[in-house]
Amino acid sequence: MLLATLIVGSSGAAILALGAGVLNGSFATPTRFMTRWKWENVWALWAVLAMFVFPWIVAFATVPHLIATYQTPEVRHALLLVIVFGAGYGIAAICFGLGVDAIGIALNFAIALGTATAVGSAIPLVWFHSASIFTRQGLVIEGGIALIVFGIVLCGVAGRAKERDQAKQSIATKRPGSSSFAKGLILAIVAGAGSALQNFGLAFGVPLLRRAAELGTEQSYQANVIWAPLLTATLIPYLVFCARLWKKNHSWNLFFAPKTARYWLLGLLMGSLWFSSIVIYGAAATRMADMGPVLGWPLFMSAIILTSNVWGFAVGEWKGASRASLITMFAGLGGLILGFCTLAWSSHLA
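For every chain, the first residue of its written sequence is number 1, and the numbers climb from 1 along that sequence. Local features are withheld for residues below a pLDDT of 70 in this predicted model, meaning they are given only at 70 or higher, and side-chain atom pairs are given and counted only at 80 or more; totals for whole chains, interfaces and linings count all residues. Processing note: side-chain calculations cover all non-hydrogen atoms of the structure and skip hydrogens and water entirely.

Draft legend 1. Just the overall build of the protein chain, in detail. Per the secondary structure count, the protein chain includes 13 helices and zero strands. Helical segments are the DSSP runs of H or I of at least four residues, strand segments are the runs of E of at least two, and each set is numbered from the N terminus. Taken from the N to the C terminus, the helices and strands of the protein chain come in the order α-α-α-α-α-α-α-α-α-α-α-α-α. To get the radius of gyration, use the C-alpha atoms; to get the globule rule, take the number of residues to the power 0.38 and multiply by 2.2 Å. Relative to the globule expectation of 20 Å for 350 residues, the C-alpha radius of gyration of the protein chain, 21 Å, shows essentially globular dimensions. Long-range pairs, those at least 24 residues apart, make up 84% of the contacts in the protein chain with a sequence separation of at least 6. Put simply, the protein chain shows about 16800 Å² of open surface, and 70% of that area lies on carbon and sulfur atoms. Counting rule applied: Lys, Arg positive; Asp, Glu negative; His and chain ends not counted. Just so you know, the charge point we use is NZ for Lys, CZ for Arg, CG for Asp and CD for Glu. In the protein chain, 22 positive and 10 negative side-chain charges are present, and the distance between their average locations comes to 14 Å. What makes two residues a contact is simply this: any of their non-hydrogen atoms within 4.5 Å. Reported accessibility uses the Shrake-Rupley method at a 1.4 Å probe radius. Residues are deemed covered only where the shown protein chains occlude them.

Draft legend 2. The arrangement of the packing of helix H7 (residues 181-194) against helix H8 (residues 196-204) in detail. To define axes, lines are fitted to C-alpha atoms, for helices over the stretch in contact only, and angles between the resulting N-to-C directions are given on a 0 to 180 degree scale. Look at H7 against H8: their axes get within 4 Å of each other, and the N-to-C directions meet at 10°. Between H7 and H8, the angle is such that the two are roughly parallel. Contacts between H7 and H8 involve Gly192, Ala193 and Gly194 on the former and, on the latter, Ala196, Leu197 and Gln198. Gly counts as polar in this scheme, as do all residues outside two lists: the nonpolar Ala, Val, Leu, Ile, Met, Phe, Trp, Tyr, Cys and Pro, and the charged Asp, Glu, Lys and Arg. When the residues that make up the contact of H7 with H8 are grouped by side-chain class, the tally is three nonpolar, three polar and no charged. Should an angle fall under 35 degrees it is called roughly parallel, over 145 degrees roughly antiparallel, and 65 to 115 degrees roughly perpendicular, with every other angle called oblique.

Draft legend 3. Local environment of the packing of aromatic side chains. Centre distance within 6.5 Å is the pairing criterion for rings of Phe, Tyr and Trp, where only the six-membered ring of Trp is used; planes under 30 degrees apart are then read as stacked, over 60 as edge-to-face, and the remainder as tilted. In the structure shown here, the tally under the stated rule is 26 aromatic pairs. With 6.0 Å between their ring centres and 40° between their planes, Trp56 and Phe60 make a pair best called tilted. Taken as a pair, Trp56 and Phe60 lie in helix H2 (residues 39-62) at a separation of four residues, close to a single helical turn. Centre to centre, the rings of Trp56 and Tyr70 are 6.1 Å apart; their planes meet at 70°, and the pair counts as edge-to-face. Of this pair, Trp56 sits in helix H2 while Tyr70 sits in helix H3 (residues 66-71), placing them 14 residues apart in sequence. Each member of the pair, Trp56 as well as Tyr70, carries the same accessibility label: buried. Chaining the aromatic ring pairs together yields one cluster made of Phe27, Trp39, Trp43, Trp46, Phe96, Phe109, Tyr238, Phe241 and Trp274. Over a ring means this: the NZ of a Lys or the CZ of an Arg is within 6 Å of the ring centre and within 35 degrees of the ring normal. A cation over an aromatic ring shows up here: Lys162 above the ring of Trp318, its NZ or CZ 4.9 Å from the ring centre. Under the scheme applied here, a residue whose accessible area is under 20% of the maximum for its type counts as buried, over 50% as exposed, and between as partly exposed, the area being computed with a 1.4 Å probe on protein chains only.

Draft legend 4. Summary view of the nonpolar core. Buried Ala, Val, Leu, Ile, Met, Phe, Trp, Tyr and Cys residues that are joined via side-chain atoms within 4.5 Å together make up what is termed a nonpolar core. Among the nonpolar cores identified, the biggest contains 88 residues, and Phe27, Trp43, Trp46, Tyr238, Trp274 and Leu336 are the most heavily contacted of them. No other element matches H2, which puts 13 residues into this core. In this structure Trp274 touches Asn24, Phe27, Trp46, Ala50, Tyr89 and Leu231, once residues within four positions along its chain are discounted.

Shown next, in the form of structure tokens:
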């Protein structure tokens, strides 16, 4: 009976992790239907909702004595670090949004998430656990990182080949082509590498989690006490960048342009998809306990990669690409997913 309960519980948590990945992999898709707005209009609306409105609503709804949690003297240093790392993560978030615009949903998600995972695994291994580099667990981690890097390279090769295929088709049909792949590749890599700052914020915010627990917050909701200030800090550089573009492009008035009322609903959809995916995955990981890193994390990452690529194909990002380009892209995705699973396995060896 106990075994059956554990199996059912793990299955439900796995479904939650997969669902969270589907939501996260879908959040950028509405940008393809907001063509009357410029980048700074679309992503500013998303940022305000996803990084400020929703995190604070959820935090106040799920964390008892939220303000008192932040006012405790013992957590002020941790809160400051969370804010600093959140502001730094804002740069990565800007690069991610620009990357979607430059190379599309499918490639940007694959390269950014792959880079984030490789960097997020390599730095702790070398910096904090150098003695483990040549152990069995260390070698498995290195193998997982190598698979992810291999997958990123293949995705990059596929993206460059797709760009050439589409450029040839543009010349044949006398349509203007696009040559933004190199820029988009750099943006996606920077976005992925910079996402480590978000993880640092979570790591250094542990005193906030402890204080929230002392004040009666359920374990499933304790992370919300970090997300709210961290993402609010992320929003600041994001809005500064958007404000610069509003001034440069005279695009502020586009928020109120005719025939764009539905864009506000699409922005609401983007924000709710992104933030709800974080909340749902947090609940799934909590239910999985020790199995969270082994099962939940690769399910979450794989679902994001696969979902974003399904949307990428659905909106025509790979239209005109050759068969060889598509095969290379699928091989890259396979390398990424296999790398995620290998890194998850390594946590089981600890």
